[in-house]
Amino acid sequence: MLNTDGINTITLAELNSEASLLTRMDRKYLVPPVDTQHVINYLAPRAQVLQIDGLRHFRYASTYFDTPSLDAYFLAARKRRRRFKVRTRTYLDSNLCFLEVKTNGSRGATVKDRFKYDPDDADRITPDGHLFVIERLVESGTCSPDEARTIADTLIPVLGSTYNRTTLHLPHDEARATFDTQLTWDLFGPDGKRLEQRVSVVHLNVVETKNPSTASPTDRLLWNQGHRPTRISKYATGMALLYANLPTNRWNRTIKRNLGRYRRQAPSHQLAA
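Conventions we followed
- Residues numbered from 1 in each chain as written.
- Predicted model: local features only at pLDDT ≥ 70, side-chain atom pairs only at ≥ 80, totals over all residues.
- Heavy atoms only, no water.
- Helix = DSSP H or I, 4+ residues; strand = E, 2+ residues; numbered from the N terminus.
- Rg over C-alpha atoms; globule rule 2.2 N^0.38 Å.
- Buried < 20%, exposed > 50% of the residue type's maximum accessible area, 1.4 Å probe, protein only.
- Areas by Shrake-Rupley, 256 points an atom, 1.4 Å probe, with all protein chains shown as cover.
- Lys, Arg positive; Asp, Glu negative; His and termini not counted.
- Charge placed at Lys NZ, Arg CZ, Asp CG, Glu CD.
- Core = buried A, V, L, I, M, F, W, Y, C linked by side-chain atoms within 4.5 Å.
- Contact = heavy atoms within 4.5 Å.
- Pairing = 2+ DSSP bridges.
- Phe/Tyr/Trp six-rings, centres within 6.5 Å; stacked < 30°, edge-to-face > 60°.
- Lys NZ or Arg CZ within 6 Å of the ring centre and 35° of its normal.
- Axes fitted to C-alpha atoms, helices over the stretch in contact; angles between N-to-C directions.
- Left-handed = near helix turned anticlockwise from the far one by under 90°.

A look at the overall build of the protein
Thought 1: Within the protein, the regular secondary structure consists of 8 helices and 11 strands.
Thought 2: The C-alpha atoms of the protein give a radius of gyration of 18 Å, which matches the 19 Å a tight globule of 273 residues would have.
Thought 3: Its C-alpha atoms give the protein principal-axis dimensions of about 50 × 40 × 35 Å.
Thought 4: When the 273 residues of the protein are sorted by exposure, 51% land in the buried category.
Thought 5: With an accessible surface of roughly 12900 Å², the protein has 47% of that area assigned to carbon and sulfur atoms.
Thought 6: Separation of charge centres in the protein, based on 40 positive and 29 negative side chains, amounts to 9 Å.

The following block contains the structure:
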């Protein structure tokens, strides 16, 4: 568990008000635990840590949805400008859940729209969720109304992830950084049920900086430590890691250098692509 003792706190309402950053520039890094703690210690005097009900570290669970032909995955693998990601995110400590649609805005910025969801529906797309996905895909300019309906009609759960997250807000820099530990990936079977397979990545943390435009103090410190932004997507990298017959494309270096020892051959019947 990361140590955030002595850091001033910020509430979720304050964080959302001051730095929701739903439209932002993201950079991700794979960082050993010792270096991660060093970053937190360095930022402590200028940072605020998110605290909810006395907790500073929060358990997250995500379910990622894709079409049977894995359109979202291949759009990301081929770096198409108009790509999308659909997932549910459940905050396990508070039992809150949202359906989220992420699209790419101007200049590569990520745009995330969310819709409050019942945690019991986290592994499926409900009728209301179906309409929300169509609306966001069309209004973001990602695809036409007919294409959006086709995508929403065929979405199925394909990958799950869990991790613990610590969030720092840097008010003077209008930036935020998240620190994800104990990342795991789960597979889904063709029946939409989670399979009894799990891969855990414990020797590296995922550090993500979220800035309006320019690099933050977190980025500059990581660069000074010798860390460079890494191509990692909890969805696409997890899929490429677990399914040996999927092209690794943009995540090949990350998988070979950092995650190769976790690679597994997935059941061939689960991949239609």
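On we go.
Description of unusual backbone geometry
Thought 1: Unlike most non-glycine residues, Leu70 shows phi in positive territory, near 60 degrees.
Thought 2: Within the element layout of this structure, Leu70 appears in the loop between β4 (58-66) and α3 (71-77).
Thought 3: Overall, the relative accessible area of 3% leaves Leu70 in the buried class.
Thought 4: Although it is not a glycine, Glu174 sits at a positive phi angle of roughly 50 degrees.

Points about the nonpolar core
Thought 1: Tyr73, Val86, Leu159, Tyr235 and Met239 are the most contacted members of the largest nonpolar core, which totals 55 residues.
Thought 2: Those residues within four positions of Tyr73 in sequence are excluded, and the remaining contacts are Asp66, Tyr235, Ala236, Met239, Ala240, Leu246, Pro247, Thr248 and Trp251.
Thought 3: Core analysis: the next-biggest nonpolar cluster, separate from the first, contains 17 residues, Leu168, Phe179, Val207 and Leu221 among them.

So, the pairing of β4
Thought 1: Of all 9 residues that make up β4, 8 are buried, and the element is covered over most of its length.
Thought 2: Sheet analysis places β4 next to strand β8 (residues 156-170), joined by 9 bridges and oriented antiparallel. Along β8, the bridge assignment pairs Tyr64 with Leu159.
Thought 3: As paired strands, β4 and strand β5 (residues 84-91) are joined by 6 bridges and run antiparallel to one another. By the bridge assignment for β5, Tyr60 is matched with Tyr91.

Focus on the packing of aromatic side chains
Thought 1: Here the structure, examined in full by the defined rule, presents 8 aromatic pairs.
Thought 2: Both rings, one in Tyr64 and one in Tyr235, keep their centres 5.3 Å apart while their planes meet at 20 degrees; by these two values the pair is stacked. Residue Tyr64 is found in strand β4, and its partner Tyr235 is found in the loop between α6 (217-224) and α7 (236-242); the two are separated by 171 residues along the sequence.
Thought 3: Given a relative accessible area of 3%, Tyr235 falls into the buried group.
Thought 4: Ring geometry for Tyr91 against Phe98: centres 6.1 Å apart, planes inclined by 85 degrees, an arrangement best described as edge-to-face. In this structure, Tyr91 and Phe98 share a single accessibility class: buried.
Thought 5: An aromatic cluster is defined as three or more aromatic residues linked by ring pairs; in this entry it consists of Tyr60, Tyr91, Phe98 and Tyr163.
Thought 6: Taking the ring centre of Tyr163 as reference, the NZ or CZ of Lys234 above it sits at 4.5 Å.

Notes on the packing of helix α4 (residues 127-139) against helix α5 (residues 145-154)
Thought 1: As a packed pair, α4 and α5 sit with axes 9 Å apart at the nearest point and diverge in direction by 145 degrees. Seen along the crossing, α4 lies across α5 with a hand that is right-handed. Between α4, through His130, Val133, Ile134, Leu137 and Val138, and α5, the contact on the second element is made entirely by Pro145, Ala148, Arg149, Ile151, Ala152 and Asp153.

Everything listed here is a matter of geometry and, on its own, says nothing about what the molecule does.
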